Structure formats: structure tokens, C-alpha cells
Amino acid sequence: MLMRESGCLGQECWSREVLAGWYVPRTELGYPRCRTSSYTLYLPSSLITICMLFNLVLQSILFLPPQGVSQKAHKKLRFVPGIVYIDEGGAVGQCKEIRQKTTSELCEMFRSTGFPFYILPLEQVLDLPGSVVVAPSSLSDQPTSAYKAAVDLFLQSGGGTDVITQEQEGVSLPDVQDSQTQLLQQLMDSAKTLTAKQDLLSTLRQHLLVHTARTKGYSKLMLGDSCTRLAVKLLTSISLGRGAQLAEDTGFSDCRYGDVVAVRPMREYSAKEIAYYNRMFKVPSVVIPSLDTKTPDKASIQRLTESFVTKLQADFPSTVSTIYRTGEKLQTACRSSSAEDTDRCLLCMCSLDTVVEEASALQATLISEQLSQTKAPLITGQNSVEPEPSAAVGRCCSAEGPCEGTQVAAGCCSSPKEHEAAELRSLLCYSCQRTVRDMVSGRAAAVTRMKLRSQREKIIKNSSTTLISKLGF
Amino acid sequence: MPVLCSSCSEKRAVLKRPKTGHSLCKECFFGAFEEEVHQTIVAAKLFKPGETVGVAASGGKDSTVLAHVMKLLNERHGYGLRLMLISVDEGITGYRDDSLETVKRNQQQYELPLKIVSYEELYGWTMDAIVRQVGLKNNCTFCGVFRRQALDRGAIMLKVDKICTGHNADDVAETVLMNVLRGDIARLRRCTAISTASEGDGVVPRCKPLKYAYEKEIVLYAYFKKLDYFSTECIYSPNAYRGHARTFLKDLESIRPSSIMDVIHSGENLSVREGVKMPVQGTCSRCGYISSQALCKSCVLLEGLNRGLPKLGIGKHHRLHEKILSQQPLTESEQRKLKSVDF
């Protein structure tokens, strides 16, 4: 088999190499050497959720841990995995029968791994408490010595096998109510563009994953992003204005949720390698259509980027790895690493990137908007435009002179709806603002309400309750 | 029913702004466009009163609009700048000679002093001669590297304090994408800066007042203002790889027009991980120009041309820099590698 430039490999050697590769991130993270702050990432016996995404090639992620955890493998993975699959059929518009068929197929597959698993319909995201988006800001500060203690404990407990058998039983296929599906469908339909739809879907999925991990007691989320996928994601992120969040979106570990850390152990493998691995070792897989399945290249930014990268990769074989390595060199550009909860985007949970310098793309866009609207005060003379302190909120007030600081006062904005929208915008990062803008106005009552609920929690935290009473929620 | 201008609500709109989606009439568009450039200049504190500013002029749409707007704003807002035009003559028959005629007409129209520096007088090579030697592959590398230095040399001759170039939002966004695709982290970090803060001999600070102006709007501005500009593509084929980034960006724009600003926003907010190795800026030991290597790129390129080994400056041949500096001959195998490919 010719996989890399380094030469040909036999099936067995290759299998060993893939497995060995899987240990790299493990050792990287299992020891205090690689840490994002002052805690160790993988504690032995910590529960780790593996989330199944819809992509078939990524399913080998499922079949690597079993080999790692199994006693035979000569190095043992010291954690207890669980599997989460989120059934997005409701958002994609699949009928009930197909959804049920897929889930039962997956059920079989998961059962054969011997790990506990959870199959959740995406509809559940609608019932999530607002607290999902309010991350517990303090990360558990485990001293490095805790690692050793945990290893001992893990070894004593006999490798955690009993945990697996215990939880095996509690799995069932939850029923979805039609009304919920309809609500989800409505929410998805409120996004006018496929770009926004895909963005929204991934946000919802992420919220549900984090919530599940939290409630089931998992401390890590393993995502199956391959390096091909990450290269696409990186370029998509840039195109969507998520430069500041790039490191979190594509890095090895993602701490934006505070108590649940998302990791991407498959990111060293290309999609091709994974596909070969799956084929060679007969890893079972299920093909599940996604939102952009069978759409033209220009249907959405995500779709366009994907086809751009794969086409360029065909002509310039180093494309994916170059993009991927560029991402390696970046970090999250937040002003303070321990950003307060209020500085985080309500949707994507990354730190806000909307407080910018005077000369920036965001300010330039705001000025353009202001200048293109009716009754825009045309400012003449130097230095007369003041930097708007909180970009989005301040803007709607500027036309009618100063109102109560940056607080939105009644009567300033033309309608409460607009008012609400401005309020929501101020809690979102640049890119999520763009997504929300692509949604039907008066729009996405569900999303707004869901978000506003948690926003209220946020504001209560900030003890500026006056605002809420004005909003009347 | 005709669409009315979203700003004055009286006249018919003539365009839809890609940046915001608003429709504007001609007058409101002019006002908005000029005001935005002004805001950019003020917000980024690009100039100080009393400075001499060289406007890099190629005769194309961007630099013509830049020269026009700079002159207009300088008078309208009293920047107190002395403006000059600087042009580079690459020596491309059938392209640059024609566009320079446009620049000369602009000089008359705007009543600004003009300085033309040519590759021939600076390097002894015209682009025509270079293409004859290297062919149509990599010729843009020569042109780009030489132009950068030529502008600086022209600026020094004119004793200007700053150069402003006509780079627009599309150019900046495209460069962000390019640098990601090429993995050039040092440039990725620099490329979104609106002005270079380089101190060093022979380097004049540069800025891009049109950084946030969409290419589309610049074209429309030039068109509606009936500006005299030259709109022919360079006859030597454009950089192929950049073409991919360009196509991608245009496709992005067609899906979501704000994409270009979004990409710039991304670029502005990227931050490089600590500990990533960055090239250290030094000076060229031959000509004294800024360089991260012992020899600057244009000296290497020039050396290659003069030795008949055009590929010397294409790709990385840092090991050979010592040899070039000490005037040693290259070995035969080295020479073979660096000769131009025959078609």
C-alpha cells in the first residue's frame, strides 16, 4: 500500500502505524507536558465521550479506541469511552422511517463495540436549559499529582471494564414528538442561506453534545475531525470571519466549554488514510446524508470551501497539510485567556471578537452601514466620528443623538423587535452575527427566545436587572 | 418600480453595495465612498500634517481612484499633505507603456508631480528581457520583488515620508487566503496591517487607504466619476496560484457578499502561537535593503539573471548565498538545476 511519500507499507505494518499514531496524541496529552492551562487533559479512567458525526470515514475513530482499550493492545488506553450519536434527521428533513432505520443500524454497530452509547435526536436541543451556553468558567485545577493518583485508582479498578457493562443497559431509542421535529424544522427554515443553516446546525449539535457530556459525566469530547476536514474547516472559518476562534475551532483541544474539553485525536490522519483503513480492516460504516449532500459547489460557503480544497489538493498534493500546519501555528486571540462568561459568544461560546480597534474591518463595515442608511448623519470634519463603544448596540442610537449611554432605552429604537435584535447581536461574536443576519427577521423566535433566556441569566449575573424588566421577558 | 436610494430616499439607486446590501444613488454613493476612505485614514492615523506622501500610480483603476480621492480628501479635510505620484516602469511593451500614458494624463488632471522609476535604469533589465530569459513561468516573482524595491527607491529619490498604495479589500482578503494556502505565517500576520511600521534605511512606510473598499465599488466609483484609467490585464500571464485564491474569493463573494470583509476580519484577529519561528529581519549585505537572508530577494534574482541562471531566486537556495556573496562560481550540478527550463 502506498500511502505516504515515505514509501509502501504492508497491511500489518500500516495498521500498527495507524494505531501507534493514535498513541501520539495520547502520550502528548496524558502527561503534564502538553497542557492548555494548568491541568492534565486525559486523566486515566476519566470518561470520554466519542461523538459520532455524520461522516462515514470518521467512524474508524470508534474502532481505534476499542483496540486501544482492549487488553491485547500492547499499550493500553486509560480511559473509558462512551459513544454519542446525534440524529440530525429532523434538521436535514429525513422522514421518520429512514431515521429509525439509520439509528437501529447504528445501534447494532455501537453495541458491538461494547461501550455505553447514547443516540439522541437533535430535537432535544430545543429543551436544553439555557445553562448550556453559560460555561462554568473555572476549569478544574487538578494538580499534576492527581494524575498519578488517578492512574493508581484506575489500575486498581481493573481497567474500568465494569463501568462499561453497567451502563450498557440504559440505552434506548428515544421517541421524537412530531411537534418537536416541526419546531426544529422551523428553526432551520428561518435561516435563509445554506451557509447560515449549516452554521446553525453545527452550533445546535455542539450544544447538545456538550450538554450530553456534562449530564452523563464525561469530561472530554472526542471529535472525529481528520486533517482534511480540519483544513476545510480552517479555511471555512476564515471565510466566515472566525479568525479569532480559529485555534479553538481546529486545534487539538478546545476548552471553550470550560468543564468539558473537546479533543480531536484523528487530526493527524488524512481522510484518505482513514478511508483506506476502514476498507482494509472492514470497519463497518453507515452513510448518513447531511445538509449539503447533493448540493452544487456554490450552495454554501462550507460546501464551496470543501470543493475548493479537495480540487486544489488534487493539483497540489501538499495543500491540505500546508493549511493544516498553518493552523497549528495559530492561537486563540482573546485578550485574556480566562475570558469572563459575559465576554463569550452566546452561540459558539468563543470569546467575543467584536471589541476592536478603531481601524478595523468591523468598524469599517459599521461606518458603511451608517453612511448608507436613511438620515445617516454625514459627519464632516476630522476626528468627529467617535468609536462606538459596543459596536452593535451603540449603532442604533447614534441617529437620534445620545441616549442613556450604551444601554438601549425605550423609544430610541423604532421597534422592540429591532431592539431585541440589537441586544442579541451584542452578545454574539462577529461570525455568529453574520449567521443571525441571514436568518428571517422577526425570526427564529425559538432561537431568540432560547438565547434570550440564557441571556437573561447572564444579565442577572451582571446584576443589571433593569434591562430585563424593560425587555419584559 | 425603481429602487430608491436607501440614504436620501429620493433618487433612483444606481448600485447595490456589496458590503452592506444597501442601494444607493450616485451622489450618496460618492459621499459614502469618500467618507469611508476618510474615516479609514483618520481612524488608522495614516498621515500627519505636513508630510509628503507618494501615491503609487500604475494607471489602473485602484491607483487612479486612490490619487483622485487622496487629492479630494486632502483639500476637503485639510490634511495638509503634499501629494506626489510615483510610477514604476517595468518595461512591458504593449502594457506598461500604455498605462504610463494614463498616469501622465492623470498628472495633468490632478496637477501632481510625477516620478517614474524604471526597471531598466535600476536593474539593467526590462520585464520584456526577463521574460525572454525565464519564460512565462515565475516571471511574476521577478516583477513583484523588483517593484517593491523600485517603489522604495523612487520614494527616496522624491524624499517622500510615506507611500500609499491602491490595495483594496479584495486584494487584502486574497492575500490572507494565499498566505494560509502557502503556510506563510510571517506574511499572514503582516498582510492585514493597514500600514507598515518598518524602520530601516531605504524603506519608506506604506499604507493602504483603500483597504476597506471593495474592488467592485472602486470600479463603479471610477466609472461614475468618469476617471481616466487603464484597464488591460498584464500581457504576461498572471500568477497561477494566486488565481486560485482569487477565484475562490470571488465565489465566496457571490455566495455571501460580506465575505471579503469577513476574511479581513479573520485576518486581523489571527494571532500566532508563541514560540513559532519567525524570520528575523536584517539587511542585505550587498545593497543594504531589508532582508531576512544574507542577500535580499531582488539581489538574488538579479544575480540569477546576470549569471544566466534565472531559477536562482525561485524556491529556496539559501545555501548558495555565501557563494554568491564571495563571487564563487557554482558547481556544474548546481548550475544545471538553476537553468531555465526549455519548452
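Source: prediction; values computed, not measured.

Draft legend 1. Quick look at the confidence of the model for chain B. Scored by pLDDT, chain B comes out at a mean of 87, with 95% of its residues at no less than 70. Complex prediction metrics read pTM 0.81 and ipTM 0.86.

Draft legend 2. Local environment of the interface of chain A and chain B. Contact with chain A, which involves 58 residues of that partner, is made by 52 residues of chain B. Together chain A and chain B conceal approximately 4800 Å² of surface at their shared face, both sides included; 63% is due to carbon and sulfur atoms. Counting the contacts that link chain A with chain B gives three salt bridges. Linking chain A to chain B there are 19 residue pairs in polar contact (both at pLDDT 80 or more). The element that contributes the greatest number of residues to the side of chain A that touches chain B is helix α14 (residues 361-372) of chain A, accounting for nine residues. Bridging between strand β9 (residues 330-331) of chain A and strand β8 (residues 271-272) of chain B involves two bridges; their strand directions are antiparallel. What sits directly across from Gln-331 of chain A, in β8 of chain B, is Ser-271 of chain B.

Draft legend 3. Focus on the side chain of Glu-34 of chain B. All names here are of chain B. Along the chain, the position of Glu-34 falls in helix α1 (residues 26-43). Overall, the relative accessible area of 3% leaves Glu-34 in the buried class. Only 2.5 Å separates the side chain of Glu-34 from the side chain of Tyr-221, close enough to count as a polar contact. Apart from residues no more than four positions distant in its own chain, Glu-34 is found in contact with Leu-72, Leu-73, Arg-76, Tyr-221 and Lys-225.

Draft legend 4. Geometry of the environment of Ala-422 of chain A. Residues and elements named next belong to chain A. You can see Ala-422 is positioned in helix α16 (residues 416-425). On the accessibility criterion, Ala-422 (2% relative accessible area) is buried. Note: C-alpha distance between Ala-422 and Asp-127 (295 residues apart in sequence) is 25 Å.

Draft legend 5. Representation of the domain arrangement of chain B. Residues and elements named next belong to chain B. For chain B, the domain assignment lists domain 1 (45-269) and domain 2 (297-339). Using only C-alpha atoms to locate each centre, domain 1 and domain 2 end up separated by 29 Å. The interface is formed by 11 residues belonging to domain 1 together with 11 residues belonging to domain 2. Each partner contributes to the roughly 990 Å² buried at the junction of domain 1 and domain 2, and carbon and sulfur atoms together form 75% of this total. The tally of links between domain 1 and domain 2 comes to zero salt bridges. Our enumeration of links across domain 1 and domain 2 arrives at three residue pairs in polar contact (both at pLDDT 80 or more). Elements represented by at least two residues in the side of domain 1 that touches domain 2 include exactly α5 (127-134) and α6 (139-158). Counting residues per element, the side of domain 1 that touches domain 2 draws most heavily on α6, which supplies five residues. Considering only residue class, the side of domain 1 that touches domain 2 consists of seven nonpolar, four polar and no charged.

Parameters at a glance
- Residues numbered from 1 in each chain as written.
- Chains lettered and ligands numbered in written order.
- Predicted model: local features only at pLDDT ≥ 70, side-chain atom pairs only at ≥ 80, totals over all residues.
- Heavy atoms only, no water.
- pLDDT = per-residue confidence, 0-100.
- Contact = heavy atoms within 4.5 Å.
- Buried area = accessible area lost by both parts, 1.4 Å probe.
- Salt bridge = Lys/Arg side-chain N within 4 Å of Asp/Glu carboxyl O.
- Polar contact = N/O pair within 3.5 Å; in protein donor to acceptor, adjacent residues only side chain to side chain.
- Helix = DSSP H or I, 4+ residues; strand = E, 2+ residues; numbered from the N terminus.
- Pairing = 2+ DSSP bridges.
- Buried < 20%, exposed > 50% of the residue type's maximum accessible area, 1.4 Å probe, protein only.
- Domains from an automatic or database assignment.
- Nonpolar A, V, L, I, M, F, W, Y, C, P; charged D, E, K, R; others polar.

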